[in-house]
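Close look at the chain arrangement
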Amino acid sequence: MRGFTYTRASDADTAIRAVVHNAEAKFIGGGTNLVDLMRENVERPSEVVDVNGLPFAQIEELPNGSLRLGAMARNSHTANHPLVRVRYPVLAQALLSAASPQLRNMATNAGNLLQRTRCYYFYDTTAPCNKRQPGTGCSALAGYNRLHAILGTSPQCIATHPSDMTVALAALDAIVQVQGPNGQRSLPIADFHRLPGDTPERDTNLGHDELITAIDLPALPFARHSLYLKVRDRPSFAFALVSVAGVLKLSDNRIQEVRLALGGVAHKPWRAHKAEEILTGAPATPELFRRAAEAELQTAVGFEHNAFKIELAKRIMVRALTTLTERRLA
Amino acid sequence: MSSYSIEQILRGDVPRVGQPQPLAADPHLMPVSLRVNNHVYMLQLEPRVSLLDTLREFLGLTGTKKGCNQGACGACTVLVNGERIKSCLTLAVMHEGHDITTIEGLGQPNQLHPLQAAFIEHDGFQCGYCTPGQICSAVAMLREVEQGDASFVSEDLTATEVNLTDEEMRERMSGNICRCGAYVGIMNAIREVYEQQQKGPRI
Ligand SMILES: Cc1cc2nc3c(=O)[nH]c(=O)nc-3n(C[C@H](O)[C@H](O)[C@H](O)COP(=O)(O)OP(=O)(O)OC[C@H]3O[C@@H](n4cnc5c(N)ncnc54)[C@H](O)[C@@H]3O)c2cc1C
Ligand code: SF4
Ligand code: FES
Ligand code: FES
C-alpha cells in the first residue's frame, strides 16, 4: 500500500478544502472498500481525509415528511432505525442482505453509494481494465464474466455496481445531498451513478471535491408494502447475482402504483421503467407480471458466463410482484 | 532500547515478544493513542497500518487472527465501542479514543467468558483459528438480539423482539467463516449462552 498522510476533518468545509487542493486526496468512511482497494494498489491516494467525525450521522424526519439518512450513519444503524424498518422495509432488507454484520457496522451510507465494482479484473492490477486504467481494454469481455452486466453495457466496460442499498434507493427515488467548494446541490439517485459509455473510469456524477452529506427518502406511504429479493451463490454474505427492489400499491387487485429496480444487472441500479409502465393501472395477474418483465429485459445482452441473468432477472421480478400481491390480498 | 523501521516490522524481521514495538523516528509516523482491553497504548504509527496489524504486531495481542485480510472471513473480528467490526479493513489511526476489546479482554484463562467456556464445552472449534473472531462476534450478536435488531431473515421487520431461531442465528453469524466446519458446535455453544442469558444472570 502506498503511504499517505492522514487528517481528521471536524467540519465539512475543512474536509472539502483538503480534497480541492489535492487531486490525489480521498475521503474515508468505514474504509471497507477504500482500504481493500488501497491494499491492492487499485486506489493510491496520497492523502486520506477521515470524515467520520463530521456531524452527518443522524437519521431524522424532515418537515416535508422525507426521511434524511446521514451520510456517515452506518448501514447497520440505518437498517435498524425504527422509521426505516416500518416505512421503507425494502431499504432495511437491502441493507441487511449486504456483506456481514461486522461490515455493516463499519460501512457508511455515503461509502456504500461510492463502493466500486467487484469485477475481478478491476482488482487485478496486472490485467487490462478501462475502469482502472482508461484505454487499456476490458478483460471481462472475453474473460470470465459471470458477475457482469446484461443491461446498459458498452464495449468499454461491462461491470456491475455491487451495492444492494442503492437498488432500494433507486426504487424509492432517493435524493443524494452533496456539498462542494461552491455550495450544496441535490442529485436524484437516477442521475447519481452512470452507465459506462466511453468513460467507465467514472462511476458517478459526483465531483472529486464533493462530499456527500445525506440521502433523503421522499415520503412514500405505500413503501410500507415493499421488499428486496436477492439471488446469490450462497444464502448469506455474498454479493447479488441479481436482485430486485419492489414497491407496490394495489386497489381491488389493480396496480395503482409500482416501483421496481434491479441490482446486479448494470453499471448502476437499474430502475425498471418499462415494466412499471406496463404494470401501472392493470389488474395484477401472473401473465401481466411476466409480460412486464419480458419488456424490461428486451434489450438485455448476455456474455459467455452471465446469460443466465436475463431469465433470472425476469423470474425475480415476477416473484417480487407475486409476493407483494399475495401479501396485500392476505 | 533498539528500534526498528516499518519495513523491518512488516518483513517480520523483529523479535515478537508481545510488547509494543519501539519504532525508528520517522516523519511518516503519527502519534496515536489506543484504548484496548482497558489499557491505553501510546503509539507511533504509519497511517496505513490496519487496526488488525497494530493489535498483532505492535501490541502483541495475537489472539485476533488474520485470515483473508479483505473483510471476507471474520477471523479479525473485534469489538469497538461494543460493536463488532472487522479489524483488517480499518486503519488504527481511525480509532483514537474508541474502546477496543479483543479476545484477550473478554476473559482470562482462570476466568473464562461464558462464551469461551461454552465453545470448549461444545467443541466449537477444531483448529481454533476462527475462534477468537467467532467469540467476539457472538458477544456482539447476542447484544444485538437483546436490543431487537433485525436480520435479513427476520419475518417481521416491525417486530421489536427477536425470535432467535437457528436460521436467525446462522444469518447473524454468517460474517464468521469456519474453515474446519465446526458450525454445529459453534451454534450449540452460542445457544447455550443465549439460553442462560434468557434465564437471567448466572450466579
Ligand atoms: C467481504 C465484503 C462483502 C461485501 N458484500 C456486500 C454485499 O453483499 N452487498 C453490498 O451492497 N455491499 C457489500 N460490500 C461492500 C460494502 O457495502 C462497502 O464496502 C461499504 O458500503 C462501503 O462503505 P464505507 O463507509 O466502508 O466506504 P469507504 O471504503 O470508506 O469509502 C468508499 C468510497 O466512498 C468515498 N466516500 C466515503 N465517504 C464519503 C462522503 N461522505 N462523501 C464523498 N465520498 C465519500 C471514499 O472516498 C471511497 O472512494 C461488501 C464488502 C466486503 C469487504
Ligand atoms: S468490466 Fe469494466 S471493470 Fe471489469 S475489466 Fe472491463 S473495464 Fe474493467
Ligand atoms: S482477516 Fe479480516 S475478515 Fe478475514
Ligand atoms: S476451527 Fe478451524 S477455522 Fe474454525
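This structure is a prediction, so every number in the text was calculated from the model and none was measured.

To continue, consider the side chain of A:Arg85. The residue A:Arg85 is located in helix H4 (residues 82-87) in this model. Among buried charged residues, A:Arg85 stands out as having no salt bridge; its nearest opposite-charge side chain is B:Asp149, 5.1 Å away. One polar contact links the side chain of A:Arg85 to the main-chain carbonyl oxygen of B:Gly148, over a distance of 3.0 Å. Contact partners of A:Arg85, with chain neighbours within four places excluded, come to A:Ala79, A:Asn80, A:Ala92, B:Gly148, B:Asp149, B:Ala150, B:Leu157, B:Ala159 and B:Thr160.

Often, the extent of an interface is quoted as the loss of accessible area on bringing the components together. Residues and elements named next belong to chain B. Assigned domains of chain B: these are domain 1 (30-105) and domain 2 (114-199). Its C-alpha centre places domain 1 at a distance of 22 Å from the equivalent point of domain 2. With 16 residues of domain 1 at the contact, the number on the domain 2 side is 17 residues. With both sides pooled, the region where domain 1 packs onto domain 2 buries about 1300 Å², and carbon together with sulfur makes up 54% of that total. Run the count over domain 1 and domain 2 and you get 1 salt bridge. As a salt-bridge pair, Arg84 and Glu144 come within 2.7 Å of each other at their nearest N and O atoms. There are 9 residue pairs in polar contact (both at pLDDT 80 or more) connecting domain 1 and domain 2. Here the side of domain 1 that touches domain 2 gets 3 residues from one element, more than from any other, and that element is strand S3 (residues 77-80). A per-class count over the side of domain 1 that touches domain 2 returns 6 nonpolar, 6 polar and 4 charged.

Let us now look at helix H5 (residues 131-146) of chain B. All names here are of chain B. In this model, H5 (16 residues) spans 22 Å end to end at C-alpha, consistent with the 22 Å of a helix rising 1.5 Å per residue. With 14 of 16 residues buried, H5 lies mostly within the body of the structure. Backbone geometry just downstream of H5 places Gly148 in the positive-phi region, at approximately 85 degrees.

Turning to the interface of chain B and chain A, a few remarks are in order. At the junction of the two partners, chain B supplies 38 residues and chain A supplies 38 residues. Where chain B abuts chain A, roughly 3100 Å² becomes buried across the two surfaces, and 56% of that area is made up of carbon and sulfur atoms. Here chain B and chain A share 1 salt bridge between them. Joining chain B to chain A, the criterion identifies 17 residue pairs in polar contact (both at pLDDT 80 or more). Listed by contribution, the elements that provide at least two residues to the side of chain B that touches chain A are strand S4 (83-86), H5 and helix H6 (166-172) of chain B. Per-element accounting of the side of chain B that touches chain A gives the leading share, 4 residues, to S4(B). Looking at the side of chain B that touches chain A residue by residue, the classes come out as 14 nonpolar, 15 polar and 9 charged.

So, about the packing of helix H12 (residues 286-296) of chain A against helix H13 (residues 308-329) of chain A. For any two helices packed against each other, one specifies the inter-axial angle together with the distance between the axes. All names here are of chain A. Interaxial distance between H12 and H13 falls to 9 Å at its minimum, and their mutual angle equals 145 degrees. The interaxial crossing formed by H12 with H13 has right-handed handedness. Residues Phe289, Arg290, Ala293, Glu294 and Glu296 of H12 form the contact with H13, whose participating residues are Glu311, Lys314, Arg315, Met317, Val318, Leu321, Thr322 and Thr325.

Reading guide: rules and limits
- Residues numbered from 1 in each chain as written.
- Chains lettered and ligands numbered in written order.
- Predicted model: local features only at pLDDT ≥ 70, side-chain atom pairs only at ≥ 80, totals over all residues.
- Heavy atoms only, no water.
- Helix = DSSP H or I, 4+ residues; strand = E, 2+ residues; numbered from the N terminus.
- Buried < 20%, exposed > 50% of the residue type's maximum accessible area, 1.4 Å probe, protein only.
- Lys, Arg positive; Asp, Glu negative; His and termini not counted.
- Salt bridge = Lys/Arg side-chain N within 4 Å of Asp/Glu carboxyl O.
- Polar contact = N/O pair within 3.5 Å; in protein donor to acceptor, adjacent residues only side chain to side chain.
- Contact = heavy atoms within 4.5 Å.
- Domains from an automatic or database assignment.
- Buried area = accessible area lost by both parts, 1.4 Å probe.
- Nonpolar A, V, L, I, M, F, W, Y, C, P; charged D, E, K, R; others polar.
- Expected span 1.5 Å × (residues − 1).
- Axes fitted to C-alpha atoms, helices over the stretch in contact; angles between N-to-C directions.
- Left-handed = near helix turned anticlockwise from the far one by under 90°.

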